[in-house]
Structure formats: C-alpha cells, structure tokens
Amino acid sequence: MKQDKQISVGLVGLGRLGRQHADNLAHRIPNCKLMAVCSVKPEEVEEAQQELKVPYGYTNYEDMLRNPELDAIFIASPSAYHCEQIEQALEAGFHVFSEKPLGLYMEEALRVQKAVRKHPNQVFMLGFMRRYDRSYAYAKKQIEAGAIGEPVLIRCYGIDPAQAMPGFMQFAKSNYSGGLFLDMAIHDLDLARWYLGVEAERVWAIGGSHRYTELAELNDAETGAALVQFAGNKMGIFVAGRNCAHGYHIETEIIGTQGSLRIGTVPEKNQVMILDDRGVVRECANGFLERFEQAYMDEAIEFVQAILEGRQPEVTVEDGVLSTVLGYACKESFESGQLVNVQMPAAVTAIK
C-alpha cells in the first residue's frame, strides 16, 4: 500500500480504554481514519460519533463487519468477547488489533492462534502496550546491547490505585474478569518473557483479599504474588494488586550478570516536586491511561504502519498464547496452593 493511503478503522468497545483508543485513532494516528464505532450502549455510540466526527455507529458488531469501507477492526471490548470477535473479523477479511487477553480461557487463546494462522496475509496485533512504552523499549535495547550482561532475574510490581476499586468490583462481578494474574499481571509476565528471552517452567502463586474481602468470594485476590522459574534457571518475582494508596504503581527491575536496570522505581507523574506542609511530594500517575498514554498511541501507529507496509507487528498471537499459558499457571497455583509445572503448547514459539 502507498504510504499516503488512509486505513479506515472500525472500533468495538467504548469503555475507558476503548474511548481513549477512539480518541487516538480519530486524531493522533497518521494514515488512519476512525470510520466506525460500536458499543452495546447506544449513548456511547452517539457520544463518540458526535464528539469524534465518526461517520458510522453500531450497536451490533456483526453489522459493523458488513461495512465495505473498513480496512481494519480495533477490539477494545470486554475480555469475554475478544476470541469470538477476533475470529469474526479475520474471517470477514479485516486486519485486527485486539486488546489483551486473547480470551478468558486457554482454549480460546488457542482458537485465536489457529484463526490468525489461517489468515497469514492479514495483520494481527495484540495490545501488550508496555513493549511500546519508550522506557521499556529503551531497557530492551540496553539488554540486547549487553549493558547488564545476561539477564537472570526480573522483579515486577503492578498495583492499581485504590480509588479504582469500586469500578473494578462491578467489572469483577460481571464475570468479565479473568482474575488478578490474567487481567493485571499478564503485562508483566509478557515483559518477563521478552526481557529474559526464555519461557517459564514452574510457578508458585499466592494471594489474599484483606481490605476488599468480597474478592475472595469471587475466587480472586486483592493482592497476589508469583514466583516463576524460567528455563536456564532464570527467575521472576511478580507482585500484582488493586489497592495502591499512592496511585498507579508500575515498577520493573531486571538483574543481569553485570548490572541491573530499573524502570519506574518511583512511579512519578512528572518531574514536578511540590514543597509544602507535607514535605517534598512527588505525585504519582492516577492510572494506566495516564502512565501509558504515549504507549497506547505508539502501538496504534505500529498497527497501522504494519498494514501499510504489508508485514506483521513484533507482538504476535503466539506472544498472547504463551503469556496466557503462564497467567493460567499462576491462576491455577493461586487457586490450588500448589507448585504448578507450566505446560507450553506444542509448536508455539514467540521469543525473539
């Protein structure tokens, strides 16, 4: 395709993240036109059409797939719908971007992999946006350049702000959530595979619900931790939570044989210090949309460029499958209280 071509995109899902994606696609992504939006809530469709000047609006996903003016589908709907919507969009001939996860069940992830492989000439990309965060991408380049020797251990904290708990509880009770390790820690699990360059072998995960005890009734945890052994005796330590008093805390450390890298050790909102009767205060980001604002734009740019250039993006469906395998192993270990051996599907490789 010529680089001056506009890629016409239809987006499904207009919740918090979906609406941010819609704004980006409509105004901030080169060679892209947001042509259609879809939501089961008519008021969300009407608002997006009016504010973003989107020509087509739908409350039925299948109707949007019949629009001949579209080139690609951008999926930001609840996780429970991802698998079927990916399959439908690919079968209809569209390029597809989907937010993580591929689905709520392992068999769904494998179904998506099969569907993507069936359509090799269509671009498919999964929304592991942290790989497109400029700090995380820089750390990857430093590792590849040998700056810390061989990476042998990764430590990740991913803790959502406590102020988001009321909204999350509604989401969790709707059965759309895959649980702490699949919904939240999966970003860190993907980063671990990416940075360490190997797959997981064994997992032990624990967790509890201490302030929001009702999460235990949903077989989920407010705060959890996983210890993962990767191939080559490499290690991962993962902490995930939903009750961070000071804001959105995303922190990563990669320890190598000749040094270490740290990303986001203090989860600063910006470079401003406030000096007042509280002392010296560095404010934190309030949530994922603020912390990874640029990354969400950069991953969408990559998706559109991949379509224009006729290539597949770096983040593949196999990355989604293998991260889901690890996430499910963490979930199984947490629920059973047992050490779990990670069973990787045959003929799936994604480490680069």
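Residues numbered from 1 in each chain as written. Predicted model: local features only at pLDDT ≥ 70, side-chain atom pairs only at ≥ 80, totals over all residues. Heavy atoms only, no water.

1. A word on the overall build of the protein chain
A count of helices and strands for the protein chain gives 13 helices and 15 strands. Relative to the globule expectation of 20 Å for 352 residues, the C-alpha radius of gyration of the protein chain, 20 Å, shows essentially globular dimensions. Expressed as lengths along the three principal axes of its C-alpha atoms, the size of the protein chain is roughly 55 × 50 × 45 Å. A total of 352 residues make up the protein chain; the buried ones form 55% of that total. (Helix = DSSP H or I, 4+ residues; strand = E, 2+ residues; numbered from the N terminus. Rg over C-alpha atoms; globule rule 2.2 N^0.38 Å. Buried < 20%, exposed > 50% of the residue type's maximum accessible area, 1.4 Å probe, protein only.)

2. What about the UniProt feature "domain: Gfo/Idh/MocA-like oxidoreductase N-terminal" (unreviewed entry) in the protein chain?
UniProt feature "domain: Gfo/Idh/MocA-like oxidoreductase N-terminal" (unreviewed entry): in the numbering of this structure it lies at residues 7-125. End C-alpha atoms of residues 7-125 are separated by 15 Å, and the span's content is 43% helix alongside 23% strand. (UniProt positions renumbered as here; feature names shortened; annotations may be inferred.)

3. Comments concerning the side chain of Asn67
Summarising the element assignment, Asn67 is placed in the loop between α3 (61-65) and β4 (72-75). Within polar-contact distance, the side chain of Asn67 engages the backbone nitrogen of Glu69 at 2.8 Å. (Polar contact = N/O pair within 3.5 Å; in protein donor to acceptor, adjacent residues only side chain to side chain.)

4. Observations regarding the packing of aromatic side chains
Any pair of aromatic rings gets described here by the distance separating the centres and the angle formed by the planes. Considering all chains together, one arrives at eight aromatic pairs under this definition. Between Tyr248 and Phe292 the ring centres are 6.4 Å apart and the planes differ by 85°, which places this aromatic pair in the edge-to-face class. Linking Tyr248 in the loop between β10 (234-244) and β11 (249-256) with Phe292 in the loop between α11 (288-291) and α12 (293-309), this pair joins segments that are 44 residues apart in sequence. For the pair Tyr248 and Phe292, one class covers both residues: buried. Between Phe288 and Tyr296, the aromatic rings sit 6.4 Å apart at their centres with planes inclined by 70°, giving edge-to-face as the arrangement. Among the aromatic residues, those joined into a ring-pair cluster are Phe74, Phe97 and Phe303. In this arrangement the basic side chain of Arg155 is found over the ring face of Tyr157, its NZ or CZ atom lying 4.9 Å from the centre. The ring of Phe292 is capped by Arg291, whose NZ or CZ atom sits 4.4 Å from the centre of that ring. (Phe/Tyr/Trp six-rings, centres within 6.5 Å; stacked < 30°, edge-to-face > 60°. Lys NZ or Arg CZ within 6 Å of the ring centre and 35° of its normal.)

5. Remarks on helix α7 (residues 165-173)
Listed as buried for α7 are Met165, Phe168, Met169 and Ala172. Down the axis of α7, the buried side of the element spans an arc of 105°, and every buried residue falls inside it. The outward face of α7, more than 90 degrees from its buried face, is lined by the exposed residues Pro166 and Gln170. Structurally, α7 contributes buried residues whose contacts are with β7 (151-161), α10 (214-217) and β10. (Arc of directions from axis to C-beta. Contact = heavy atoms within 4.5 Å.)

6. A word on a nonpolar patch on the surface
On the surface, Trp204, Ile206, Leu227, Ile237 and Leu339 cluster together into a nonpolar patch covering about 470 Å² of accessible area. Mapped onto the elements of the fold, Ile237 is located in strand β10. The exposure class of Ile237 is partly exposed, given its relative accessible area of 33%. (Patch = residues over 30% accessible without salt bridge, like charges linked within 9 Å, V, L, I, M, F, W, Y side chains within 5 Å. Areas by Shrake-Rupley, 256 points an atom, 1.4 Å probe, with all protein chains shown as cover. Salt bridge = Lys/Arg side-chain N within 4 Å of Asp/Glu carboxyl O.)

7. Description of the sheet that holds strand β3 (residues 56-58)
Taken in spatial order, the six strands line up as β3-β2-β1-β4-β5-β6 in an open sheet, and their pairing is parallel. Edge positions in the open sheet fall to β3 and β6 (124-127), since each of these has one partner strand only. Taking each pair of neighbouring strands and ignoring which way they run, the sheet shows an average axis angle of 20°. As defined by bridge partners, strand β1 (residues 7-12) adjoins β4 across four bridges and the pair is classed as parallel. Following the sheet pairing, Val12 is matched in β4 by Ile75. Packing against the sheet, helix α4 (residues 82-91) makes contact with β1, β4, β5 (95-99) and β6, and its axis sits at approximately 170° to β5. (Pairing = 2+ DSSP bridges. Axes fitted to C-alpha atoms, helices over the stretch in contact; angles between N-to-C directions.)

8. Looking at the environment of Leu65
On the secondary structure map, Leu65 appears in helix α3. Note on Leu65: relative accessible area 13%, which makes it buried. Expressed as a C-alpha distance, the spacing of Leu65 and Ala225, which sit 160 residues apart in the sequence, is 41 Å.

9. Looking at the packing of helix α5 (residues 106-118) against helix α13 (residues 317-336)
Packing of α5 against α13 brings their axes to within 9 Å, and their N-to-C directions diverge by 170°. One finds that α5 runs roughly antiparallel with respect to α13. Across from Met106, Ala109, Leu110, Val112, Gln113, Val116 and Arg117 in α5, the residues of α13 making contact are Val317, Glu318, Val321, Thr324, Val325 and Tyr328. Along the lines of polarity and charge, the residues of the contact of α5 with α13 split into nine nonpolar, two polar and two charged. (Parallel < 35°, antiparallel > 145°, perpendicular 65-115°, else oblique. Nonpolar A, V, L, I, M, F, W, Y, C, P; charged D, E, K, R; others polar.)

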